[in-house]
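Structural features, examined
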Amino acid sequence: MSDDTIKSKPDPATAMAELRQSARTVQLATVDADGLPRCSYTPFAFDEDGALLIFISDLSRHTGELLNQPRCSAMLIADEAASSEVYARLRVTWACRAEFIAREAPGWGERLARLKARQGKLVELLETLADFRLFRLVPESGLFVMGFGQAYQLHGQALDEFEHVREA
């Protein structure tokens, strides 16, 4: 989705819904055992309650980091190439709590099916690999930015209420 598309739709709820629909990867910020921040990305899907589902390998640093420190940040951001101004790219950032979902846990199959539906057949192959783990990233707070002077603090049970940020 381009920023130009959003300019014709000033409603933040509509813009957020379009970003959530169009984004296929989430940017992650985790913390290692020494307290150093790390960033990465991974494909994702949304759970029925709006949590982000990620299926990641034990070989990835962020897997161990999420197991040891379940606090993280997640960001969806508009494609740089489709943005008219890189300083004001459409984006949402959430502070999240990571929850590991064991393969034998209730709902594991349904959640993985959501990933398959959004990300395609490769998830079926990854499912056969024992080192892949399913996590839910549960947003606890968030900030949605539509452009210059268009930042919104997210509120409400589902973080779907927008409060215009007027001062830094």
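Before any of the text, the structure's been laid out above.
We now turn to the structure provided with this report. Computed from a predicted model, the values in this text were never measured in an experiment. (Residues numbered from 1 in each chain as written. Predicted model: local features only at pLDDT ≥ 70, side-chain atom pairs only at ≥ 80, totals over all residues. Heavy atoms only, no water.)

**Overview of the side chain of Asp32**
Positionally, Asp32 belongs in the loop between strand 1 (25–31) and strand 2 (37–43). Judged by its relative accessible area of 11%, Asp32 is buried. At a separation of 2.9 Å, a polar atom in the side chain of Asp32 contacts the main-chain amide nitrogen of Asp34. In this structure the side chain of Asp32 is engaged in a polar contact, spanning 2.8 Å, whose partner is the backbone nitrogen of Leu36. Not counting residues within four places of it along the chain, the set of residues in contact with Asp32 comprises Arg38 and Glu65. (Helix = DSSP H or I, 4+ residues; strand = E, 2+ residues; numbered from the N terminus. Buried < 20%, exposed > 50% of the residue type's maximum accessible area, 1.4 Å probe, protein only. Polar contact = N/O pair within 3.5 Å; in protein donor to acceptor, adjacent residues only side chain to side chain. Contact = heavy atoms within 4.5 Å.)

**Some words on helix 3 (residues 61–68)**
Every buried residue of helix 3 is listed here: His62, Thr63, Glu65 and Leu66. Considered in projection along helix 3, the buried side chains sweep an arc of 165 degrees and stay on one side of the axis. Residues Arg61 and Asn68 are exposed on helix 3 and point more than 90 degrees away from its buried face. (Arc of directions from axis to C-beta.)

**Observations regarding the pairing of strand 8 (residues 151–155)**
As paired strands, strand 7 (residues 132–145) and strand 8 are joined by four bridges and run antiparallel to one another. Within strand 8, the residue paired with Phe144 across the bridge is Tyr152. Linking strand 7 back to strand 8 in an antiparallel pair, the connection comprises five residues, with Gly147 at a positive phi of about 155 degrees. The sheet contact formed by strand 8 and strand 9 (residues 161–164) spans four bridges and is antiparallel. Within strand 9, the residue paired with Tyr152 across the bridge is His164. Between the antiparallel neighbours strand 8 and strand 9 lie five residues, among them Gly156 with a positive phi of about 90 degrees. (Pairing = 2+ DSSP bridges.)

**Brief notes about the nonpolar core**
The biggest cluster of nonpolar side chains holds 28 residues, and the ones touching the most others in it are Ile54, Leu76, Trp94, Leu137 and Phe144. When residues of this core are traced back to their parent elements, those giving at least two are helix 2 (12–22), strand 1, strand 4 (52–57), strand 5 (71–77), strand 6 (91–101), strand 7 and strand 8. Looking at which element gives the most residues to this core, the answer is strand 6, with four residues. For Ile54, the contacting residues outside a window of four places in its chain are Val26, Leu28, Thr42, Pro43, Phe44, Leu66, Leu115, Arg133, Leu134, Phe135 and Leu137. (Core = buried A, V, L, I, M, F, W, Y, C linked by side-chain atoms within 4.5 Å.)

**Brief notes about the environment of Phe148**
With respect to the helices and strands, the residue Phe148 is situated in the loop between strand 7 and strand 8. What makes Phe148 exposed here is its relative accessible area of 61%. Counting along the chain gives 99 residues from Phe148 to Asp49, while the straight-line C-alpha distance between them is 30 Å. Leave out the neighbours within four places in its chain, and Phe148 touches Glu85, Tyr87 and Ala88.

**As for unusual backbone geometry**
If a residue is not glycine, its phi is most likely negative; likewise, a peptide bond is most likely trans. Non-glycine residue Leu159 carries a positive phi angle of around 50 degrees. For Leu159, the position within the fold is in the loop between strand 8 and strand 9. On the basis of relative accessible area, Leu159 is assigned to the buried category, the value being 11%.

**Quick notes on the pairing of strand 4**
Of all six residues making up strand 4, six are buried, and the element is well covered by its neighbours. Burial of the side chains of strand 4 extends over both faces: Leu52, Ile54 and Ile56 are buried on one face and Leu53, Phe55 and Ser57 on the other. As paired strands, strand 3 (residues 45–46) and strand 4 are joined by two bridges and run antiparallel to one another. Looking at strand 4, one finds that Ala45 is bridged to Leu53.

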